[in-house]
Amino acid sequence: MSSFFTTPASQKKRKRTAVAEAPKKRLATVKSSSKAASKPASKPSSRAPAKPAAAPKKKAIERDESISGSDLDSDQSDDDVWDRSGSEDGPDESSDSEGETAAEKRLRLAQRYLEKAKKEVELEDEYAFDAEQIDRDLLAERLQEDVAEAKGKVYRRLASELNFSGASHTQFRWNSGSVTSVAVCAPYAYTTTKDGYLTKWKLQDLPKDQWPQTTRKKPKKPPAPPKKRPERLCFAKAQPAKVKDKNYKGHTSAPLTVRASQDGKFVVTGGADRRLVVYNASDLTPIRAFTQHRDAVTGLAFRRGTNQLFSCSRDRTVKVWSLDELAYIETLFGHQDEILDVDALGQERCVTVGARDRTARYWKVAEESQLVFRGGGGDGGGGSSSKKHKLPPGMDPASAAHEGSMDRVAMIDDEIFVTGSDNGDLALWSIQRKKPLHVVPRAHGIEPPMKPSDASADENPDPKVVPAPQPRGITALRTIPYSDVILSGSWDGCVRVWRLSEDKRKIEAVGVLGSDAVPAVVSATANGTGDKKVEEEEDKGAGGRDNIVRGIINDIAMFERGDRGRDGLCVVVVTGKEPRLGRWKVIKEGRCGAVIFEVPRIQQQQHQQQQQQGRKQDKDKEQGVEETGKAKPNGKGKGKSREVDDDDDDDE
């Protein structure tokens, strides 16, 4: 006779594994425990545990056979049981994945992603409807955005959704030298100055989030005024006396650039002492100092979403670092002059500009290759013979300076980037072409002409001695990654806002931050009217006390408020009396400090405009069907001729 003692060991193991499936047993025990709690206490017996163990086995078979059930529901139910239990031992993930095919795993992950995206869409839209078609459209847009971001292509049109003209500002300054760089990891900002300080600031929240109401009762007292000025938390100072100390982990000279990691763990600075110092972001304690560069470190850039770092230097090299291991990886060679700026996005690639060699280089680190883009075409960046960049009437040809140095670079996506030069040219580049797609000459206007008394020491100087006014160079450039917003800075008293056109082939002006009278000045100078009133207004804008941004803009940093920029955009601009890498220009009226701009969104106004445009189009279709039908061929012909002209200009 067979009994428990004569049963083979293999059958015993099968029985134990069938009963000991963690998720199914947990569900069954919860139900049985609830039933047992409702009944009065019964006598204990040896066969009592075997009865509830059979229930999950039958339910498991039904669950596998049913098509409507999904693995996501079982995972969610397991999570619910785990939350209610409150014990430290969580569900065993390895047992859940046993017997799951690759297709089932993909289905489970896709359903989980859709549920998460649906919840986020409902939170973003307060007036979301329950209609299935609207939900599908919102989810489709969200999926398209995620796919575009993963592929490295522009997908957000933020320039039309942000109200730059209605931006509020907050100025703050401290007893320091010229501010050379700024980095932002919300809600903190980090600044570096020429007197050797690295400072950590806490930016204030929006007024609606500063004093939340915790009770339902209306407060008797009015709410306190919102805080605007950032708080200074801590700082680190360079120690010139420790130049010979090899174990010193900080700077021995002024830091020139700063960047913060996206996860908020590290802050990295590069200085004139050839050091690259890694700090702990919480209290600015130096962790490690790298000395592989042989000259001043001029630029830093984190790879998006990682702790991989790119650094450029005046020694004409780009170095790659891994901050997770605090290790040096490799060096990239190719530039013929000092490298002034570097930028990177999600892929293992970066873009650099090489000052006087007038080239931008696109580095493919994994492929160990580089693409070279040569600038310096001539007047206005396009050459004196170019049809696109003819001088406006009334403008002195000596004011159209040639491109001498590429100073700034910023990536829009993994295929498009913009550069700024010392002659004021703002150029748009694509890795598909060696020439720039579009150039905005003299983007920040021309400086006011000098007075004859300043140009000559004679009592009655000749007006011919006065040199022609020169364009303002671009000293700061920043973009919102994977969007169409571009910000540039110089010493004209404001921050220029640009946007990428829908065909991704042109740069269009949007507005300014910091001044209201500057756009008219720029258009007047571009048209070459030569009016005296315009010159007076431009003189005030260059270094006047009426401007919000006073001095040379050395760097720009920004981040989006709320989830996916729902609450607007925060822009931090740092200024100084001198440029960040030298003293070749000094503005006495400038301020060494920073300005914070809060740019709101205009979603409601945009929806109203779209509705009005839709109504107008419907009326036009109803009233003038015949007229529009006759006018269509002419419109098409004109559009074709314009496209051909543009292509011809590009070929030239």
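These figures come from a predicted structure and were not determined experimentally. (Residues numbered from 1 in each chain as written. Predicted model: local features only at pLDDT ≥ 70, side-chain atom pairs only at ≥ 80, totals over all residues. Heavy atoms only, no water.)

A. Representation of the overall build of the protein chain within the structure. Tallying secondary structure elements over the protein chain gives 13 helices and 28 strands in all. Split into buried and exposed, the 652 residues of the protein chain put 41% on the buried side. Restricting to contacts in the protein chain with at least 6 residues of sequence separation, those with at least 24 account for 57%. Accessible area of the protein chain: about 37900 Å², with a carbon and sulfur share of 49%. (Helix = DSSP H or I, 4+ residues; strand = E, 2+ residues; numbered from the N terminus. Buried < 20%, exposed > 50% of the residue type's maximum accessible area, 1.4 Å probe, protein only. Contact = heavy atoms within 4.5 Å. Areas by Shrake-Rupley, 256 points an atom, 1.4 Å probe, with all protein chains shown as cover.)

B. Inspection of the UniProt feature "repeat: WD" (unreviewed entry) in the protein chain at higher detail. In this structure's numbering, the residues bearing the UniProt feature "repeat: WD" (unreviewed entry) are residues 248-289, 290-331, 332-373, 399-439 and 474-508. In this annotation, residues 474-508 is assigned 0% helix and 49% strand; the end-to-end C-alpha distance for the span is 17 Å. (UniProt positions renumbered as here; feature names shortened; annotations may be inferred.)

C. Representation of the sheet that holds strand 12 (residues 317-322) within the structure. With antiparallel pairing, four strands are arranged side by side in an open sheet as 10-11-12-13. Edge positions in the open sheet fall to strand 10 (297-302) and strand 13 (327-333), since each of these has one partner strand only. Geometrically, the sheet is characterised by an average inter-axis angle of 20° between neighbouring strands, direction not taken into account. As paired elements, strand 10 and strand 11 (residues 308-313) share five bridges and run antiparallel to each other. Directly across from Gly-299, in strand 11, lies its bridge partner Cys-312. (Pairing = 2+ DSSP bridges. Axes fitted to C-alpha atoms, helices over the stretch in contact; angles between N-to-C directions.)

D. Quick peek at the sheet that holds strand 9 (residues 285-290). Reading across from one edge, 6-7-8-9 is the order of the four strands in this open sheet, with antiparallel pairing throughout. Two strands bound the open sheet, and with one partner strand each, they are strand 6 (255-260) and strand 9. Averaged over all pairs of adjacent strands, the angle between their axes in this sheet comes to 25°, without regard to strand direction. Across five bridges, strand 6 lies against strand 7 (residues 266-271) in antiparallel orientation. Looking at strand 7, one finds that Val-258 is bridged to Thr-269.

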